[in-house]
Amino acid sequence: MSLGILGYGVYIPRYRISVHEIARIWHEDGESISKGINVIEKAVPAMDEDTATISVTAVQNALRHSGLSPSEIGAIYVGSESHPYAVKPTAVTVAEAIGATPHLTAADLEFACKAGTAGMQMVFGLVAADEIRAGIAVGTDCAQGRPGDALEYTAGAGGAAFVIGKNKPIATLEGMYSYTTDTPDFWRREGARYPSHAGRFTGAPSYFRHTLSATQGLLDKLGLSLNDFDRVSFHQPNGRFPLSAAKALGIPLEKIQDALCVRRIGNTYSASSMMGFARQLDLAKPGERILLVSYGSGAGSDAFSFVVTDEILEKRERSIPVDKYMDRRTELDYALYAKHRGKIIMK
Amino acid sequence: MGKNEKVAVISTGMTEFGDLYEYEITGIANLAIYEALNNLHIKKEEIESLYVGNMGSHLFEGQENLGNLIATYAGLTCPAFKIQAAGASGAVALRNAVKGIQSGSKELVMVLGVEKMTEATKQHEAQLALASGLDTNWETRMGATLASLFAIMARAHMREYGTTREQIANVVVKNHYNASLNPKAQYKNRVRVESVLRSKLLSDPLRLFDACALSDGAASVVLASEEVAYSYDSDPVFIYQIKQGFAPIALHQRESLTEFSGTKFAAEKAYRDMGITAADISLAEVHDIFSIAEIIAIESLGLVEKGKGGFATENGDTALDGSIPINTSGGLKGRGAPLGATGVAQIIELFDQIKGNAGDRQIKDIKYALAHSMGGTGGTSVVSILGR
Amino acid sequence: MGVARSWRTQKSRYRLTGSKCTKCGALYFPINIVCIKCTSLDLEEFQFSGKAKLIEWTRVDEAAKGFEHLVPYYFGIVELEEGVRISTQIVDVVDENILQPGLQLQMTFRKLGEGTEEGIINYGLKAEPVDW
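Residues numbered from 1 in each chain as written. Chains lettered and ligands numbered in written order. Predicted model: local features only at pLDDT ≥ 70, side-chain atom pairs only at ≥ 80, totals over all residues. Heavy atoms only, no water.

## Focus: the overall build of chain A
Alright, step 1. Broken down by element type, chain A carries 13 helices and 14 strands.
Alright, step 2. Taken against the 2.2 N^0.38 rule, which gives 20 Å for 347 residues, the C-alpha radius of gyration of chain A at 19 Å falls within 12% of a compact globule.
Alright, step 3. With the principal axes as the frame, chain A shows a C-alpha extent of 55 × 45 × 40 Å.
Alright, step 4. Going through the 347 residues of chain A one by one, you find that 62% of them count as buried.
Alright, step 5. A sequence separation of at least 24 residues applies to 79% of the contacts in chain A between residues at least 6 apart.
Alright, step 6. For chain A, the exposed area adds up to about 13,000 Å²; of that, 51% sits on carbon and sulfur atoms.
Alright, step 7. Distance between charge centroids for chain A: 2 Å, based on 37 positive and 38 negative side chains. (Helix = DSSP H or I, 4+ residues; strand = E, 2+ residues; numbered from the N terminus. Rg over C-alpha atoms; globule rule 2.2 N^0.38 Å. Buried < 20%, exposed > 50% of the residue type's maximum accessible area, 1.4 Å probe, protein only. Contact = heavy atoms within 4.5 Å. Areas by Shrake-Rupley, 256 points an atom, 1.4 Å probe, with all protein chains shown as cover. Lys, Arg positive; Asp, Glu negative; His and termini not counted. Charge placed at Lys NZ, Arg CZ, Asp CG, Glu CD.)

## Comments concerning the overall build of chain B
Alright, step 1. Of regular secondary structure, chain B possesses 14 helices and 11 strands.
Alright, step 2. Taking 21 Å as the expected radius of gyration for a compact globule of 388 residues, we find that chain B reaches 19 Å, a close match to that expectation.
Alright, step 3. In terms of overall dimensions, chain B has a C-alpha envelope of 55 × 45 × 40 Å along the principal axes.
Alright, step 4. Evaluated residue by residue, chain B yields a buried proportion of 66% over its 388 residues.
Alright, step 5. If you take every contact in chain B between residues at least 6 apart in sequence, the share linking residues at least 24 apart comes to 77%.
Alright, step 6. Taken as two groups, the 36 positive and 44 negative side-chain charges of chain B have centres that lie 2 Å from each other.

## Some details on the pattern of salt bridges
When the charged atoms of two side chains lie near each other, side chains of opposite charge can form a pair.
Alright, step 1. With the rule as written, the count across this model stands at 44 salt bridges over all chains.
Alright, step 2. The residue Asp-48 of chain A makes a salt bridge to Arg-110 of chain C at a minimum N-O spacing of 2.7 Å. Taken together, the residues span two chains, with Asp-48 of chain A in the loop between strand 3 (41-44) and helix 3 (51-66) and Arg-110 of chain C in strand 7 (residues 104-111).
Alright, step 3. Since its relative accessible area comes to 4%, Asp-48 of chain A is described here as buried.
Alright, step 4. The residue Glu-62 of chain C makes a salt bridge to Lys-200 of chain B at a minimum N-O spacing of 3.1 Å. Here Glu-62 of chain C, found in the loop between strand 4 (51-60) and strand 5 (73-80), pairs with Lys-200 of chain B, found in the loop between helix 8 (193-198) and strand 5 (201-203), and the two come from separate chains.
Alright, step 5. Here Glu-62 of chain C falls in the partly exposed class, since its relative accessible area comes to 21%. (Salt bridge = Lys/Arg side-chain N within 4 Å of Asp/Glu carboxyl O.)

## A closer look at the domain arrangement of chain A
Residue and element names in this part refer to chain A.
Alright, step 1. The domain boundaries assigned to chain A delineate domain 1 (4-170 + 317-340) and domain 2 (171-311).
Alright, step 2. Put simply, the middle of domain 1 and the middle of domain 2, counted by C-alpha atoms, are 16 Å apart.
Alright, step 3. Interface of domain 1 and domain 2: buried area, both sides summed, is about 4,500 Å²; carbon and sulfur atoms make up 61% of it.
Alright, step 4. For domain 1, the biggest contributors to the area lost against domain 2 are Asn-38, Cys-113 and Ile-170; these three give 15% of the whole.
Alright, step 5. Where domain 1 packs against domain 2, one counts three salt bridges.
Alright, step 6. Asp-302 is the salt-bridge partner of Lys-114, the closest N and O atoms lying 3.0 Å from each other.
Alright, step 7. When contributions to the side of domain 1 that touches domain 2 are tallied by element, the ones reaching two or more residues are strand 1 (4-11), helix 2 (30-37), strand 3, helix 5 (115-128), strand 6 (134-142), strand 7 (157-165) and helix 12 (322-327).
Alright, step 8. Its residues assigned to classes, the side of domain 1 that touches domain 2 shows 31 nonpolar, 16 polar and 12 charged. (Domains from an automatic or database assignment. Buried area = accessible area lost by both parts, 1.4 Å probe. Nonpolar A, V, L, I, M, F, W, Y, C, P; charged D, E, K, R; others polar.)

## Considerations on the side chain of Glu-115 of chain B
Residue and element names in this part refer to chain B.
Alright, step 1. Inspection of the secondary structure puts Glu-115 in strand 4 (residues 108-116).
Alright, step 2. Among buried Asp, Glu, Lys and Arg side chains, Glu-115 stands out as unpaired, with Lys-82 the closest opposite charge at 6.2 Å.
Alright, step 3. Here Asn-54 takes part through its side chain, which lies 3.3 Å from a polar atom of the side chain of Glu-115.
Alright, step 4. Among the polar contacts listed, one links the side chain of Glu-115 to the backbone nitrogen of Met-55, at a separation of 2.8 Å.
Alright, step 5. Not counting residues up to four positions away in its chain, the partners in contact with Glu-115 are Ile-28, Asn-54, Met-55, Gly-56, Ser-57, Phe-60, Ser-215, Asp-216, Gly-217, Pro-338, Leu-339 and Gly-340. (Polar contact = N/O pair within 3.5 Å; in protein donor to acceptor, adjacent residues only side chain to side chain.)

## Looking at the interface of chain B and chain C
Alright, step 1. The interface of chain B with chain C comprises 31 residues on the first partner and 33 residues on the second.
Alright, step 2. Taking both partners together, chain B and chain C bury about 2,800 Å²; carbon and sulfur atoms supply 56% of that area.
Alright, step 3. Area buried by chain B at its contact with chain C is led by Trp-138, Met-142 and His-252 of chain B, which between them contribute 26% of it.
Alright, step 4. At the surface where chain B touches chain C, the tally comes to three salt bridges.
Alright, step 5. Summed over the shared surface of chain B and chain C, the number is 14 residue pairs in polar contact (both at pLDDT 80 or more).
Alright, step 6. Elements with a contribution of two residues or more to the side of chain B that touches chain C: helix 5 (123-131), helix 6 (146-161) and strand 5 of chain B.

## A closer look at the arrangement of the chains
Alright, step 1. Ranked by contact count, the leading pair among the two pairs of chains in contact consists of chains B and C.
Alright, step 2. Between chain A and chain B there is no contact; the minimum C-alpha to C-alpha separation amounts to 12 Å.

## Comments concerning empty space enclosed by the protein
Alright, step 1. Going through the model one piece at a time under the given rule, you end up with four cavities of 30 Å³ or more.
Alright, step 2. Its boundaries defined by the atoms lining it, the largest cavity holds a volume of some 80 Å³.
Alright, step 3. Every residue lining the largest cavity is listed: Met-55, Ala-86, Gly-87, Leu-130, Leu-146, His-287, Ile-289, Leu-339, Gly-375 and Gly-376 of chain B.
Alright, step 4. Of the residues that constitute the lining of the largest cavity, the class distribution is six nonpolar, four polar and no charged.
Alright, step 5. Lining the second largest cavity we find Trp-138 and Met-142 of chain B together with Ser-12, Arg-13, Leu-16, Phe-29, Ile-86, Ser-87, Thr-88, Met-107 and Leu-125 of chain C.
Alright, step 6. If you list the elements that add at least two residues to the lining of the second largest cavity, you get helix 2 (10-15) and strand 6 (85-90) of chain C.
Alright, step 7. Of all the elements, strand 6 of chain C adds the most residues to the lining of the second largest cavity, at three residues. (1 Å grid on protein atoms, 1.4 Å probe; cavity = no way out; pocket = protein on both sides within 12 Å on 5 of 7 lines; lining within 4 Å. Points joined across faces, edges and corners; volume = space filled by probe spheres on them.)

## Some remarks on the domain arrangement of chain B
All names here are of chain B.
Alright, step 1. Split into domains, chain B comes out as domain 1 (3-121 + 214-237) and domain 2 (128-213 + 240-387).
Alright, step 2. Between the C-alpha centres of domain 1 and domain 2 the distance comes to 22 Å.
Alright, step 3. Taken together, the 46 residues of domain 1 in the interface contact 41 residues of domain 2.
Alright, step 4. Taken together, both faces of the contact between domain 1 and domain 2 bury some 3,200 Å²; the carbon and sulfur share is 72%.
Alright, step 5. Of all residues in domain 1, Met-14, Phe-17 and Val-237 bury the most surface against domain 2, accounting for 20% of the area lost on that side.
Alright, step 6. Put simply, domain 1 and domain 2 have two salt bridges between them.
Alright, step 7. A salt bridge links Glu-35 to Lys-184; its shortest N-O distance comes to 3.3 Å.

## Brief notes about the layout of surface pockets
Alright, step 1. For the second largest pocket, the calculated volume is near 860 Å³.
Alright, step 2. In terms of residue class, the lining of the second largest pocket is built from 17 nonpolar, nine polar and six charged.

## Section: the interface of chain A and chain C
Alright, step 1. Taken residue by residue, the interface counts 28 residues in chain A and 25 residues in chain C.
Alright, step 2. When chain A packs against chain C, the two sides together hide about 2,300 Å² of surface, and 55% of this comes from carbon and sulfur.
Alright, step 3. Taken as a group, Asp-48, Tyr-85 and Glu-96 of chain A account for 24% of the area that chain A buries against chain C, more than any other trio of residues on that side.
Alright, step 4. Put simply, chain A and chain C have six salt bridges between them.
Alright, step 5. A salt bridge links Glu-96 of chain A to Arg-15 of chain C, with the shortest nitrogen-to-oxygen separation between them at 2.9 Å.

## Focus: the packing of aromatic side chains
Residues and elements named next belong to chain A.
Alright, step 1. What the rule picks out here adds up to 26 aromatic pairs over all chains.
Alright, step 2. With a centroid separation of 6.2 Å and 90° between ring planes, the pair formed by Trp-26 and Tyr-334 is classed as edge-to-face. Residue Trp-26 is found in the loop between helix 1 (19-25) and helix 2, and its partner Tyr-334 is found in helix 13 (residues 334-340); the two are separated by 308 residues along the sequence.
Alright, step 3. Given a relative accessible area of 10%, Tyr-334 falls into the buried group. (Phe/Tyr/Trp six-rings, centres within 6.5 Å; stacked < 30°, edge-to-face > 60°.)

## A look at the sheet that holds strand 2 (residues 50-53) of chain B
Pairing between sheet strands relies on hydrogen bonds along the backbone, with the strands arranged either parallel or antiparallel.
Residues and elements named next belong to chain B.
Alright, step 1. Here we have nine strands laid out as an open sheet, ordered 3-2-4-7-1-8-11-10-9, and mixed in their pairing. Lying at the two open borders of the sheet, with one neighbouring strand each, are strand 3 (80-83) and strand 9 (281-285). Taking each pair of neighbouring strands and ignoring which way they run, the sheet shows an average axis angle of 30°.
Alright, step 2. Two elements, strand 2 and strand 3, share four bridges in a ladder whose sense is parallel. Bridged to Gly-53 within strand 3 is Ile-83.
Alright, step 3. The sheet contacts of helix 14 (residues 339-355) involve strand 1 (7-14), strand 2, strand 4, strand 7 (216-225), strand 8 (237-246), strand 9, strand 10 (368-375) and strand 11 (380-387), and relative to strand 7 the element is tilted by about 60°. (Pairing = 2+ DSSP bridges. Axes fitted to C-alpha atoms, helices over the stretch in contact; angles between N-to-C directions.)

Take a look at the structure:
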């Protein structure tokens, strides 16, 4: 019996809009923007999808992969910055939809793009304390960028869910470490439609400082070096930042490139680092060590070290790999994208 | 029904169908009620009961207790009440009135079918009112419209029997033609197949011209026991049979998408109890709430072979000069579809036809005439057979 | 949809929970409290799998209220693998030529109609083509 991940699942809406198409509308150079942010296209939800629906499908996939029944789930935390309601939890809808109610605890979390990993920490804590046998942490977002703003090129949609427990994990948790400060790089005030960001300030003092510090903190805590890790997933606000962070830490490209879902689905916010982690798990062999580091503006990073077990091979046939969802794609033009994102006011 | 239980239609009254903006619902009711009374100088005190068929006064106008309202404004003091069965409201009211006389407790009653739909000036208000006849929880709230369900039936019929889109459009062309000969019809304009096929898509393959328009109108009939009838009319028109058939309210709960099983049940029972067959029917008014409904209705009634409704329409079999004229009045499509009034208006058309008063659309040598009214997508069906 | 109705029908709407008659085995969707086949009141909850096949469909261009933003959308009658039929939207149809009777479908969790700014959000199941 060791603490770890019993199963995971993701969901990515099938619609895509390319960076080129968005650039066409704002008379920008799509080629250079796409190259600059290292993103080709981003995932767009269907008109009847939101954070709750994406979470439900991701959780259903995760639960099937774990082999657990809904009644074994003692906690569900949904991390997102696009919860459908200002007041009323998404997590209860998820719990109800998978049939895990009523004997469990549930809550919504919000910490920009790291609310999902915050949920993982909480479930790990509850399971470690033997308060629950298993729980689920979900990171999901249907991110909104202000039209014409740099964020519009990357604000994607997707969800990733992890079932956490002790019985036959596919990856065991070695340890976690967080690095948190009050750093105002990105925010949205109550009632504001779109978030605001602090431009280049989102880089060095924000994303990089926290990501690198959390990584270093975890290494120190566990007495490991980066060479001990086979795979890495950092938060992916764009396709450049995680590569720059890896470079700064001396992590070779091949250890992080499999995690870079952002190139094809954009920044899925609360799901972003978890989606990359899920893809690393899709490809991982037993015995491999994986580093997961999230980043949430505001700001903080949660770092985790996992070691993949033989169970991963047993359960793999029950999983729907991230690539299945990434490959299932229908391209939208900007007009349809606007319709999908509710930017056409009908009443 | 035993042979002495036939009930006579002795008088009728009907407003024009259409945009009757000038009148309240009580106003159009009065026009129909008093036309029927005054035709035969029947005193309003002689009416023993008023059966009001109405689908949506609550939804269209926020008005219920409709029987009492209409009786008050008409100066009737007899028991009055509303009967609601979606599009079949008028026909179900008629059936209950017939039963009232058959029971022996009444001798002279009035049935009023009435609907005031133009109070809904917004598309979605009317659409929602029409959809209220469906299973709101498991059809409407899942995205169904009345048109979408008939569209599903149309697709299934086209798939199963090779019915063509043009054949379905021919129902509209025919009914508009018939309506052009009916002074009280809402749509007297004739249409071509191409205009049907070019009208706005509602739910593929059905288009705007396949549907009935909103309409205001009232229609009333005075029913009498056989004995009483002869004191008013030496050669009365009788309702020989009036049967009600059931099918589940939701289309997905039915065995077949290409048959109105409740209609089939009611028709077969009516023919059997009367000792006739469908071949004895000379003409029929059917519930063409959408074009495809007429095709499925005439098949379910046994008036044409199953699967051949589209072909029969295309061949002209259902035209005024065809072997089995259908909707000589113009139907719901042409004459107009104030829903609660339609089931009663059908009886008036058959009454006029049997009496030889149908003018340019008169059918000759009528043996029996049939009326078919339906609620929702076919959950409630009423089939009546009239004759001398 | 009213709050109480939305709440009351949640199990059926969210999870495709129906009923099974413990006497005669008849299946119902949505949840039913009486077996209309054998009149028994002994029914237990039954979980439908969510696998379905297409019976017939249409494309809706004139929407039901609350669904205007989805136009055009696909709506159809589907048969659950356990043999019960339901009405549902069919989502993520990229090529309508695939919509042939018998098409394999899977129920998926989506928002139902749009509702109002202030009202609750209604969720439920819709069918999506199985494309892997």
